[in-house]
Amino acid sequence: MKGNQKLVGYIFEFAWILPSVAIPIAVISTVILTAFAVGIRVPDIAGRIEPLAINRTAPFNEPGVRELAPGKYEAIFIAETFMFTPSVIDLPVGSDVTFKVTSRDVIHGFKVIGTPVNMMVVPGQISKITVHFDKPGEYLVVCHEYCGAAHHTMSATVIVK
Ligand code: CUA
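Residues numbered from 1 in each chain as written. Predicted model: local features only at pLDDT ≥ 70, side-chain atom pairs only at ≥ 80, totals over all residues. Heavy atoms only, no water.

1. Digging into the pairing of strand β3 (residues 72-80)
No. 1: With 8 of 9 residues buried, β3 is to be regarded as a mostly interior element.
No. 2: With antiparallel pairing between neighbouring strands as the criterion, strand β2 (residues 64-69) and β3 make up a hairpin whose turn holds 2 residues, including Gly71 at a positive phi of roughly 80°.
No. 3: As judged from the 8 bridges shared by β3 and strand β6 (residues 95-103), these two strands associate in the parallel manner. The residue of β6 that forms the bridge with Glu74 is Thr98.
No. 4: Both β3 and strand β4 (residues 83-85) contribute to a ladder of 3 bridges, which runs antiparallel. Its bridge partner lying in β4, Ala79 is registered against Phe84.
No. 5: Adjacent in sequence and paired antiparallel, β3 and β4 are bridged by 2 residues. (Buried < 20%, exposed > 50% of the residue type's maximum accessible area, 1.4 Å probe, protein only. Helix = DSSP H or I, 4+ residues; strand = E, 2+ residues; numbered from the N terminus. Pairing = 2+ DSSP bridges.)

This is the structure we're talking about:
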């Protein structure tokens, strides 16, 4: 082989190798960027609960908001066909809120529009995620797992002011 052909060979070889290195680097960078810069997080499993005993199991025996420390809140929700309890909560702007949600019956979803809160709610499990509310407004909470005929009506509201 002449020197020129060899050089062309190396260039083609490099052109094929480059994407196989660049694509994984791009994927990993995107994951790191979304996790740390954009704040997308995977919800935690915060324990198990007996679905039939929700009404007498703390903290789900008292759904709603409670203040844990100055600026830190816990919001306890029960999901069931086709509603969330409570249906409305109020939070002060600038607060850190840990949502803890469980289901009484089937699999539901818990998505707070405009925030990174996006969880699956599974009977027997407690789903948990913490988020910071720095903008006042009314945030719609929707169920985004198909749970039956009135799935599309299942919602709640988080009011931040
Ligand atoms: Cu609950 Cu869909």
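From this point, the discussion proceeds with the structure in view.
2. Details of the pairing of strand β7 (residues 108-112)
No. 1: Judged by how many residues are buried, β7 sits mostly within the fold: 4 of 5 residues are covered.
No. 2: Looking at chain direction, β7 and strand β10 (residues 137-142) are connected through 2 bridges and run antiparallel. Along β10, the bridge assignment pairs Val112 with Val141.

3. Considering the pattern of salt bridges
No. 1: Enumeration over the complete set of coordinates arrives at 5 salt bridges.
No. 2: In this structure, Glu74 and Arg66 form a salt bridge, with 3.3 Å as the shortest nitrogen-oxygen distance.
No. 3: Classification of Glu74 by relative accessible area gives buried; the value is 10%.
No. 4: By relative accessible area, which is 27% here, Arg66 ends up partly exposed. (Salt bridge = Lys/Arg side-chain N within 4 Å of Asp/Glu carboxyl O.)

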